[in-house]
Every structure is written in C-alpha cells, then in structure tokens.
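Understanding the architecture of this molecule
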Amino acid sequence: MKTFAISALTVLGMTLASVGTSSAGDAEAGKATFNKCMACHAVGEGAKNKAGPELNGLDGRKAGTLEGYAYSDAMKASGITWNQAEFEEYIKNPKAKVPGVKMVFAGITKQSELDNLWAYVSQFDKDGKVKAK
Ligand code: HEC
C-alpha cells in the first residue's frame, strides 16, 4: 500500500513537471497523433510530397528548403531551422508562428501530444530510416 502511494505521487509529480515545458516524448503515441498530419504529409521510407512536403530528416532541416516542393514565400522566408522547440511552437498555431503559411491546420495545444509528435517525426533520417538511438 505504501509503495503504491509513493509511485502514484511520483507519477503525479512527473505529470505536473511536464505541463508547459517540452520534454522527451513517446514516439509510439506520436505515431497515432501523426494521423492528423497524414492527409498532407508523409514520413518514413519512400515518403513522397503530398499537399505538404515529406518530413524526413526534419530535425536540423531548414524550413522551406526541400527540393521539388513549392513552398509559400512565407515559409521560405521564415528563417526557421526545425528542432523540438520551433516545431512545437509551429504546430501549436502554424499561422501565428509563420504568418502567410499555406498549411491549413488548426493546431495542437496539448504539450504531451506535441512532445510525442516530435519524438515520432524526428526519429527519421533524411532517407526515412529510423535513426539509431
Ligand atoms: C491540410 C494539409 C496539412 C495538414 C493537415 C498538415 N500540414 Fe504541415 N504543411 C502543409 C503545407 C501545405 C505546408 C507547406 C507550407 C508553406 O509552404 O507555406 C506544410 C508545412 C509543414 C512543415 C514545414 C516543412 C518544411 O519543409 O519546412 C512542417 C514541419 C509541417 N508542415 C508539419 C505538420 C505536422 C506535424 C502536421 C500534423 C500535426 C501537419 N503539418 C499537418 C499542409 C498540411
């Protein structure tokens, strides 16, 4: 019983600590969230551009630079280099982060969902292979 109470408190503490600050997410859970993006984006081996650019090798990639995809001027001029913080700010509210962007997406506000989504998307290298950990 005592052990149970302690572990419950630990879980609660961890949950509270993760509110509002990005942390390491769960790629498996992020895969489910990526369903919200799949109408327009592909990632992984053989990913092709759809309405939006494919997202392989996103970690460290400069925004608006994928060859063969016609970006808006807004995205090309954004000056963003994708990392967890930039990505999460963008996905929270794409039009606020990049005014004039042509991605029509309402945004995701839940921090854990953003962290999981980044964990999922950022695991692919530019060839769509899962990076070694
Ligand atoms: C309705 C289609 C649509 C949906 C849904 C959508 N996107 Fe996009 N996305 C786009 C388009 C179009 C662009 C290109 C924007 C531009 O050039 O202005 C884009 C651009 C991006 C970029 C910038 C890529 C680069 O090469 O710089 C990222 C990152 C991105 N989307 C992630 C996501 C994620 C993650 C989701 C799901 C949470 C998502 N998008 C949902 C259409 C969409």
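Our subject is the structure listed above.
In short, a report on the structure.

About the criteria used
Residues numbered from 1 in each chain as written. Predicted model: local features only at pLDDT ≥ 70, side-chain atom pairs only at ≥ 80, totals over all residues. Heavy atoms only, no water. Donors = N, O, S within 2.8 Å, 3.2 Å for Na, K, Ca; no water. Tetrahedral: all angles 85-135°; square planar, octahedral: opposite > 155°, others 65-115°. Helix = DSSP H or I, 4+ residues; strand = E, 2+ residues; numbered from the N terminus. Core = buried A, V, L, I, M, F, W, Y, C linked by side-chain atoms within 4.5 Å. Buried < 20%, exposed > 50% of the residue type's maximum accessible area, 1.4 Å probe, protein only. Contact = heavy atoms within 4.5 Å. Near = heavy atom within 4 Å. Polar contact = N/O pair within 3.5 Å; in protein donor to acceptor, adjacent residues only side chain to side chain. Nonpolar A, V, L, I, M, F, W, Y, C, P; charged D, E, K, R; others polar.

Things to note about the coordination of the iron atom of the ligand
The iron atom of the ligand binds to the protein through His41 (NE2) and Met103 (SD); the donor distances cover 1.9 to 2.2 Å. Taken together, the six donor atoms surrounding the iron atom of the ligand define angles of 87 to 179 degrees at the centre, an arrangement classified as octahedral. A residue pair is termed long-range when its members are at least 10 positions apart, and His41 in the loop between helix H2 (27–33) and helix H3 (73–76) and Met103 in the loop between helix H5 (94–97) and helix H6 (111–121) qualify at 62 residues.

Concerning the nonpolar core
Counting 26 residues, the largest nonpolar core has Phe34, Trp82, Phe87, Tyr90, Ile91, Leu117 and Val121 as the members making the most contacts within it. For this core, the secondary-structure elements that each account for two or more residues are H3, helix H4 (84–92) and H6. If we skip the residues at most four places from it in the chain, Trp82 touches Leu58, Asp59, Gly60, Arg61, Lys62, Ala63, Met75, Phe87, Tyr90 and Trp118.

Side note on the site of the ligand
Inspection of the region around the ligand gives 27 residues, with Cys37, Cys40, His41, Tyr71 and Met103 positioned closest. The side chain of Arg61 places a nitrogen or oxygen atom 2.9 Å from an oxygen atom of the ligand. By residue number, the principal contributor to the shell around the ligand is H4, which donates three residues. Partitioning the shell around the ligand into residue classes produces 20 nonpolar, four polar and three charged.

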